[in-house]
Amino acid sequence: MSITLALDAMGGDHAPAIVLDAAIEALRRHPRLQLVLVGEEGLLRKELGRRGTSSGDRLRIRHASQVVAMDESPALALRGKKDSSMRVAIDLVRDGTAQACISAGNTGALMATAKFVLKTLPGIDRPAICTMIPTTTGHTHMLDLGANVECSAEHLLQFAVMGSVLASAVDNNPSPRVGLLNVGAEAIKGNDTVKAAARLLEVSPINYIGYIEGDDIYKGVADVVVCDGFVGNVALKASEGVAKMISGHMREAFGRNIFTRLAALVSLPVLKSIKHRFDPRRYNGASLLGLHGIVVKSHGGADAYAFGHAIDTALHEVEQAVPSRIDSQLEILLAQGAMMRSAT
């Protein structure tokens, strides 16, 4: 059975070039994949021609007359650009023409549009952004990464359920370990919201392992790391900054003189292995979880290789029916009464 994905061909810093390059390569790697390029038709046909290809049964074009700018207000994009490439791509998911949407465009606009068009699953108040982060043992799934800067304990529980289902589906892990990010591992640590979330998680059916600290993220202690969007985004950006700093220092140290350059040459196989393992492009593709449909956000500055990984992420989530699995898990929680609202 074929799977159809809608690509926002106009979103991101390097669109449409990297989207088209990634699309052509993805079709080569996945024989049963079909793609719909959404954007300005004339431009897309011209760019495909430059690459020696054209639209067909597996690569179709859907015209969209508008583009959401990277710095545009999400509210304005939602109200004023109903024919944007981003909106049309999400509409294709809603209508069943595509099973998932991938965009490197404006994150806020993508979240707002996806929530408005696709709606949230029963039991989910707010969708969350989740991505994979490399660890010493493989990777972990972390959410939320910026969609919800202020959260209740119930929201954190919902994030934990969604992250657990995603990790189970993507990693073939029947019982992912879920940790709640906190300022300490002791029960007395944390604010009232985190403590309340811990109590809800302890009686939920997921494999909750308790509080974890920031350094535990990269030790592989948990398969899913749960936090609010403010903490998650700061942690992610700080980690990216540290990685760039270390990389810069290594280049400087190895390039200092002829002896250090020789040392770098000898170390090249090891350095290449490390670079490949922690290459952020391999982890590109953040999932917008909690929706009636699959939407994957690529980094705005992604190249074709990175965007290809976002396509792979969406394809795998379609194959594993992630929204349906989240819905089923939420039904279990609701039946157990574990998702009572704080007002009751």
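Because the structure is a prediction, the values reported are computed rather than measured.

Draft legend 1. Main features of a nonpolar patch on the surface. A grouping of I258, F259, L262, L265 and L268 is seen on the molecular surface, where their side chains present a nonpolar patch of about 540 Å² in accessible area. It is helix 9 (residues 258–266) that provides the largest number of residues to the nonpolar patch, a total of four residues. One can find L268 in helix 10 (residues 268–277).

Draft legend 2. Local environment of the nonpolar core. Membership of the largest hydrophobic core comes to 35 residues, with the highest contact counts inside it found for I90, M142 and L288. Of all the secondary structure elements, the ones that give two or more residues to this core are strand 2 (33–39), helix 4 (85–94), helix 5 (107–118), strand 5 (128–135) and strand 10 (286–289). Contact partners of M142, with chain neighbours within four places excluded, come to I129, C130, T131, I133, L181, I217, V225, C227, G232 and A235. Counting residues in hydrophobic clusters, the runner-up holds 34 residues, among them L157, A160, L200 and Y208.

Draft legend 3. Here's a closer look at unusual backbone geometry. In this chain, A15 is followed by P16 through a cis amide linkage whose omega measures 0°. One can find P16 in the loop between strand 1 (3–8) and helix 1 (17–29). Cis geometry is adopted by the peptide bond preceding D144, which originates at L143 and carries an omega value of 5°. Residue placement: D144 occurs in the loop between strand 6 (138–143) and helix 6 (153–171). We note that K119 has phi near 70°; this positive angle belongs to a residue other than glycine. Residue placement: K119 occurs in the loop between helix 5 and strand 5. Residue K119 is classed as partly exposed on the basis of its relative accessible area, which comes to 44%. Positioned with a positive phi, A321 is a non-glycine residue whose angle comes to about 50°.

Draft legend 4. Structural context of the sheet that holds strand 6. If you walk across this open sheet you meet the eleven strands as 3-2-1-4-11-10-5-6-9-7-8, and the pairing is mixed. In the strand order of this sheet, the two ends are held by strand 3 (59–63) and strand 8 (207–212), each with one partner. Averaged over neighbouring strand pairs, the angle between their axes works out to 25° when direction is ignored. For strand 5 and strand 6, the ladder comprises six bridges, and the chain directions are antiparallel. Of the residues in strand 6, the one forming a bridge with I133 is T140. Against the sheet, helix 6 contacts strand 5, strand 6, strand 7 (177–181), strand 9 (224–226) and strand 10, and its axis sits at roughly 150° relative to strand 6.

Procedures and definitions
- Residues numbered from 1 in each chain as written.
- Predicted model: local features only at pLDDT ≥ 70, side-chain atom pairs only at ≥ 80, totals over all residues.
- Heavy atoms only, no water.
- Patch = residues over 30% accessible without salt bridge, like charges linked within 9 Å, V, L, I, M, F, W, Y side chains within 5 Å.
- Areas by Shrake-Rupley, 256 points an atom, 1.4 Å probe, with all protein chains shown as cover.
- Salt bridge = Lys/Arg side-chain N within 4 Å of Asp/Glu carboxyl O.
- Helix = DSSP H or I, 4+ residues; strand = E, 2+ residues; numbered from the N terminus.
- Core = buried A, V, L, I, M, F, W, Y, C linked by side-chain atoms within 4.5 Å.
- Buried < 20%, exposed > 50% of the residue type's maximum accessible area, 1.4 Å probe, protein only.
- Contact = heavy atoms within 4.5 Å.
- Pairing = 2+ DSSP bridges.
- Axes fitted to C-alpha atoms, helices over the stretch in contact; angles between N-to-C directions.

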